[in-house]
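For reference, the chains in residue letters:
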Amino acid sequence: MIEKKKIVFLICSFLALSACTATVKEQETIKEKANRIAQDTIILDGHIDVPYRVNNKWVDVTKATKGGDFDYPRAVKGGLNAPFMSIYVPASLDNSPQSTKLADQLIDSVEAIVARAPDKFAIAYRVTDVEQHFKAGKISLPMGMENGSPVQGSLDTLKHFYDRGIRYITLAHSQSNHISDSSYDLRRQWNGLSPFGKEMIKEMNSLGIIVDISHVSDAAFYQAVELSQAPVFASHSSIRKFTPGFERNMDDEMIKKLAEHDGVIMINFGSGFVSGIARKWRDERTKQANDLASVFGADSREVKDFITKYNEDSPYPFATLETVLDHIDHVVALVGIEHVGIGSDYDGVGDSLPVGLKDVSTFPNLVEGLLARGYSETDIKLILSGNALRVWKAVEAFADRP
Ligand SMILES: [Zn+2]
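**Considerations on the overall build of the protein**
Part 1: When helices and strands are counted, the protein shows 15 helices and 10 strands.
Part 2: At 23 Å, the protein has a C-alpha radius of gyration in line with the 21 Å of a compact globule built from 402 residues.
Part 3: Seen through its principal axes, the protein has C-alpha atoms that stretch 95 × 60 × 45 Å.
Part 4: Residues counted as buried form 55% of the 402 residues belonging to the protein.
Part 5: Long-range contacts, defined here as pairs at least 24 residues apart, represent 72% of the contacts in the protein between residues at least 6 apart.
Part 6: With the model as given, the accessible surface of the protein reaches about 17600 Å², and the carbon-plus-sulfur share is 57%.
Part 7: Taking the 45 positively charged and 54 negatively charged side chains of the protein as two groups, their mean positions are separated by 4 Å.

**Examining the pairing of strand β2 (residues 82–88)**
Part 1: Counted residue by residue, β2 has seven buried out of seven residues, so it is predominantly covered.
Part 2: Of the two faces of β2, the one holding A82, F84, S86 and Y88 and the one holding P83, M85 and I87 are both buried throughout.
Part 3: Taken together, the three bridges between strand β1 (residues 44–48) and β2 define a ladder with parallel strand orientation. Looking at β2, one finds that L44 is bridged to A82.

**Section: the confidence of the model for the protein**
Part 1: On average, residues of the protein score 93 in pLDDT, and 93% of them are at 70 or above.
Part 2: Confidence over residues 1–12 falls short of pLDDT 50; this stretch has zero contacts with residues more than four positions distant or in other chains.

**Description of the packing of aromatic side chains**
Part 1: Within the structure shown, the criterion is met by 16 aromatic pairs.
Part 2: Here F70 and F121 contribute two aromatic rings whose centre-to-centre distance is 6.4 Å and whose plane-to-plane angle is 35°, an arrangement assigned as tilted. Of this pair, F70 sits in the loop between α2 (50–56) and α3 (72–78) while F121 sits in strand β3 (residues 121–122); the two residues are 51 residues apart in sequence, bridging distant segments of the chain.
Part 3: Given a relative accessible area of 1%, F121 falls into the buried group.
Part 4: For the ring pair Y316 and F318, a centre distance of 4.9 Å and an interplane angle of 90° mean the geometry is edge-to-face.

**Thoughts on the environment of K135**
Part 1: The residue K135 is located in helix α5 (residues 127–135) in this model.
Part 2: A sequence separation of 80 residues divides K135 from H215, and the C-alpha atoms of the two residues are 34 Å apart.

**Things to note about the coordination of the zinc ion**
Part 1: The coordination sphere of the zinc ion contains the protein donors E146 (OE), H215 (NE2) and H236 (NE2), at a distance range of 2.0 to 2.3 Å.
Part 2: When the donor residues of the zinc ion are listed from N- to C-terminus, their spacing reads E-x68-H-x20-H. Highlighted residues: H215 in the loop between β7 (210–212) and α8 (218–227) and H236 in the loop between β8 (233–234) and α9 (252–260), separated in sequence by 21 residues. Accessibility assignment for this pair places H215 and H236 in one class, buried.

**Quick word on unusual backbone geometry**
Part 1: Unusually for a residue other than glycine, D345 sits at a positive phi of about 70°.
Part 2: If you trace the backbone, D345 turns up in the loop between β10 (340–342) and α14 (363–372).
Part 3: With a relative accessible area of 5%, D345 lands in the buried category.
Part 4: Phi at D347 takes a positive value of approximately 65°, unusual for a residue other than glycine.
Part 5: Checked against the element boundaries, D347 lands in the loop between β10 and α14.

**Here we look at helix α6 (residues 155–164)**
Part 1: Buried within α6 are the following residues: T157, L158, F161, Y162 and R164. The buried side chains of α6 occupy one side of the element, clustering within an arc of 165° when seen end-on.
Part 2: Looking at the buried residues of α6, the elements they touch are α4 (97–116), β5 (143–146), β6 (166–170) and α7 (195–207).
Part 3: Looking at where α6 begins, the residue whose side-chain oxygen comes 3.2 Å from the main-chain nitrogen of D156 is S154.
Part 4: Two residues or fewer after α6 comes G165, characterised by a positive phi angle close to 115°.

**So, the pattern of salt bridges**
Part 1: Overall, the coordinates contain 30 salt bridges when judged by the stated rule.
Part 2: A salt bridge links R240 to D251, with the shortest nitrogen-to-oxygen separation between them at 3.7 Å. Of this pair, R240 sits in the loop between β8 and α9 while D251 sits in the loop between β8 and α9, and the two are 11 residues apart along the sequence.
Part 3: Assessed through its relative accessible area of 12%, R240 is described here as buried.
Part 4: One network of salt bridges, in which partners are shared, links D104, D108, E111 and R164.

**Focus: empty space enclosed by the protein**
Any empty space left between atoms is shown by rolling a water-sized probe over those atoms.
Part 1: By the definition in use, this model includes one cavity of 30 Å³ or more.
Part 2: Taken as a whole, the largest cavity encloses approximately 40 Å³ of empty space.
Part 3: Every residue along the wall of the largest cavity is listed here: I213, H215, V216, F221, S237, E247, R248, N249, M250 and M254.
Part 4: Class assignment for the residues of the lining of the largest cavity results in five nonpolar, three polar and two charged.

**Some points on the packing of α5 against helix α15 (residues 377–400)**
Part 1: Where α5 meets α15, the closest approach of the two axes is 9 Å, and the angle between their N-to-C directions is 135°. Classified by the angle between their axes, α5 and α15 sit oblique to one another. Residues V127, V130 and E131 of α5 lie in contact with α15, whose contacting residues are L389, W392, K393 and E396.
Part 2: Here the residues of the contact of α5 with α15 sort into four nonpolar, no polar and three charged.

**Remarks on the nonpolar core**
Part 1: Core analysis: the largest hydrophobic core is formed by 91 residues, its most contacted members being L171 and L366.
Part 2: Looking at this core element by element, the count peaks at seven residues for α4.

What counts, and where the lines are drawn
Residues numbered from 1 in each chain as written. Predicted model: local features only at pLDDT ≥ 70, side-chain atom pairs only at ≥ 80, totals over all residues. Heavy atoms only, no water. Helix = DSSP H or I, 4+ residues; strand = E, 2+ residues; numbered from the N terminus. Rg over C-alpha atoms; globule rule 2.2 N^0.38 Å. Buried < 20%, exposed > 50% of the residue type's maximum accessible area, 1.4 Å probe, protein only. Contact = heavy atoms within 4.5 Å. Areas by Shrake-Rupley, 256 points an atom, 1.4 Å probe, with all protein chains shown as cover. Lys, Arg positive; Asp, Glu negative; His and termini not counted. Charge placed at Lys NZ, Arg CZ, Asp CG, Glu CD. Pairing = 2+ DSSP bridges. pLDDT = per-residue confidence, 0-100. Phe/Tyr/Trp six-rings, centres within 6.5 Å; stacked < 30°, edge-to-face > 60°. Donors = N, O, S within 2.8 Å, 3.2 Å for Na, K, Ca; no water. Arc of directions from axis to C-beta. Polar contact = N/O pair within 3.5 Å; in protein donor to acceptor, adjacent residues only side chain to side chain. Salt bridge = Lys/Arg side-chain N within 4 Å of Asp/Glu carboxyl O. 1 Å grid on protein atoms, 1.4 Å probe; cavity = no way out; pocket = protein on both sides within 12 Å on 5 of 7 lines; lining within 4 Å. Points joined across faces, edges and corners; volume = space filled by probe spheres on them. Nonpolar A, V, L, I, M, F, W, Y, C, P; charged D, E, K, R; others polar. Axes fitted to C-alpha atoms, helices over the stretch in contact; angles between N-to-C directions. Parallel < 35°, antiparallel > 145°, perpendicular 65-115°, else oblique. Core = buried A, V, L, I, M, F, W, Y, C linked by side-chain atoms within 4.5 Å.

Below, the structure written as structure tokens:
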């Protein structure tokens, strides 16, 4: 009897152990699979603010850097292949010679990165460049201009920036400019696009520059999408449903319209973009700080003390990888897998990045999360670059037509 019990016990232990080993193996397999997909697939990110970061405080991103969200070793670890370098010009410089000069200097800084490490990086001017660099084991650095202000109302200057490698232009940034109204700006001086903005979109189509509708007002979005004869994208925007009232993100009607025109929304990872709670946390702090500033002054001790206390009393409610996945799921449920991509805003959203997606080395986590949610490898490849490259190709094809 005792012997029989012992045998049963041994069999059970063996079965439990095998079950346990099988589970561990399965988990390892998902991780391994995620890593393999991240390494085997072109990962294109619609928006990374390396040029402005380097301009602010110079670092050599061809080597490991302390701080920041991007450098070569971390990009390699994450499997990142084509981060659009953001040529970002602040709204305060609108339509001025300084804005044009700054844009040229930031383009110079991307060229300097490539010149310093031509074995690691290359500027991508066309989709075929991205594909060839990927095969050659180099990271492509395509360039997008965030804020059309450096164009200064001149189609010749637009051509100048195309010639220097700019392949998308975010029409406006945080303020209404000479091209378009901005989602962040209560002034709606054009009720959408300016007359020059409308002319500029036609010329962007002819040259082969993607129209980027991140940042613009809703009215400007609808006008741009109707006017553009090639698909448009949002280089770094998230879903308004999760951040009610935040016009910088896209609502469901806009996403449907974007999809009708074969466009792509590339999800911004910043906690304030993907989480309503994080958004509220910052809005509340800003509101109270502004109230104090109007009495004591913006640089007063009262304002500084308030911010310190606010941060201590309620630590920042970071979003997580799962929150970002919810945004991807929402677009897929609404308009299908062909209309979503990634536009992390790394190096552009400070320390507000979600848990699990803290820098460019973490793309395999995103892939693992997508696998866990049941996305196939084919679907994941569309999200990682397939969709964005389709838009870029269509824009090239329109410009190349006889
Ligand atoms: Zn931005």
